[in-house]
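Chain by chain, the residues run as shown.
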Amino acid sequence: MIEIVRGDITQQEVDAVVNAANSSLLGGGGVDGAIHRKGGPEILAECRKLRASRYGKGLPTGQAVATTAGNLPARWVIHTVGPVWSKSEERAHLLADCHRNSLAVAAELGARSIAFPAISTGVYRWPLESAAEIALAAVRDSSMELIRFVLFDDNAYRVFKAQFASGEAG
Ligand code: AR6
């Protein structure tokens, strides 16, 4: 089931929440800042370990990796790196990869529910309509029991809702 809600990703009572991270995995603003702030230092500690082991050069764009969710209501945070919006270069496949790879990591952990923010639509400037279309198409055939998109403001919520409705109609 796919759900579109307005809210804060850090408050979601789901198995896994997705973080719109950057490749350093060491935190930032937006969703990333909120997740580390509310989740506490355990998340950053695990991210540092990942940088010291598997991801010495950082997490590549489009890939996903899980850590504890610390003090968040979720069990895991799945960190993924969205593409920065580019007018001249087609990067939609990387945004789709973020969603598919996050779902694959979640499924591997045994998660049955997952919450996504609108990856790349903040600091990374991806246009909302396009991001909604790519995100919804990427998760459409997933067997995850619950996939929830959590939109922070009214406009993003409306855009995702409309895109979801048009996808269902098509
Ligand atoms: N819950 C849900 N959505 C939120 C929240 C929240 N608490 N806070 C912001 N949003 P962004 P990006 C929305 O910038 O574009 C970071 O510095 C926000 O309104 O968080 O992928 C990272 O470290 C927007 O629609 O992620 C990277 O450097 C959406 O979440 C970079 O930003 C995504 O905005 C990643 O940029």
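Not measured: the values here are computed from a predicted model.

1. Quick word on helix α3 (residues 92-109)
With 18 residues, α3 should reach 26 Å at 1.5 Å per residue; the first-to-last C-alpha distance of 26 Å fits that figure. Of the positions making up α3, those classed as buried are L95, A96, C98, H99, S102, L103, V105 and A106. Packing partners of the buried residues in α3 comprise β2 (16-21), β3 (64-68), β4 (76-81), β5 (113-116), α4 (128-139) and β6 (146-151).

2. Some details on the packing of aromatic side chains
For any two aromatic rings, the description comes down to two numbers: the centre-to-centre distance and the angle of the planes. Tallied over the full model, the rule gives three aromatic pairs. With a centroid separation of 5.5 Å and an interplanar angle of 20 degrees, the aromatic rings of F116 and F149 are classed as stacked. Pair noted here: F116 is in strand β5 and F149 is in strand β6, with a separation of 33 residues, a long-range link. For F149, a relative accessible area of 0% translates into the label buried. Taking the centre distance of 5.6 Å and the plane angle of 40 degrees together, the rings of F149 and F160 count as tilted. Note that F149 is positioned in strand β6 and F160 in helix α5 (residues 154-169), a separation of eleven residues in sequence. One aromatic cluster is present, built from ring pairs that chain together F116, F149 and F160.

3. Description of the site of the ligand
Residues in close proximity to the ligand total 22 residues, the closest being N22, G29, D32, T121 and G122. S120 places a polar main-chain atom, nitrogen or oxygen, 2.8 Å from an oxygen atom of the ligand. In the environment of the ligand, an oxygen atom lies 3.0 Å from a nitrogen or oxygen atom belonging to the backbone of Y124. In isolation the ligand has 710 Å² of accessible area, and contact with the protein removes 89% of it. Counting residues per element, the ones that place at least two in the shell around the ligand are β2 and α1 (30-39).

4. Considerations on unusual backbone geometry
What you tend to see is this: most non-glycine residues have negative phi, and most peptide bonds are trans. Non-glycine residue S120 carries a positive phi angle of around 75 degrees. Tracing the backbone shows S120 in the loop between β5 and α4. Under the relative-accessibility criterion, S120 is labelled buried at 5%. The phi angle at R125 is positive, at roughly 65 degrees, despite the residue not being glycine. Within the secondary structure layout, R125 lies in the loop between β5 and α4.

5. Structural notes on the pairing of β5
Burial of the side chains of β5 extends over both faces: S113 and A115 are buried on one face and I114 and F116 on the other. Relative to β5, β2 runs parallel, the two sharing two bridges. When the bridges of β5 are listed, A16 appears paired with I114. Pairing of β5 with β6, which is carried by four bridges, proceeds in the parallel orientation. Considered in β6, the bridge of I114 is made with I147. After leaving β5, the chain enters α4 and then returns to the sheet as β6, a path that is right-handed.

The rules behind the values
- Residues numbered from 1 in each chain as written.
- Predicted model: local features only at pLDDT ≥ 70, side-chain atom pairs only at ≥ 80, totals over all residues.
- Heavy atoms only, no water.
- Helix = DSSP H or I, 4+ residues; strand = E, 2+ residues; numbered from the N terminus.
- Expected span 1.5 Å × (residues − 1).
- Buried < 20%, exposed > 50% of the residue type's maximum accessible area, 1.4 Å probe, protein only.
- Contact = heavy atoms within 4.5 Å.
- Phe/Tyr/Trp six-rings, centres within 6.5 Å; stacked < 30°, edge-to-face > 60°.
- Near = heavy atom within 4 Å.
- Polar contact = N/O pair within 3.5 Å; in protein donor to acceptor, adjacent residues only side chain to side chain.
- Areas by Shrake-Rupley, 256 points an atom, 1.4 Å probe, with all protein chains shown as cover.
- Pairing = 2+ DSSP bridges.
- Right-handed = clockwise from strand over helix to strand, strands pointing away.

Nothing here speaks to function; it is all geometry.
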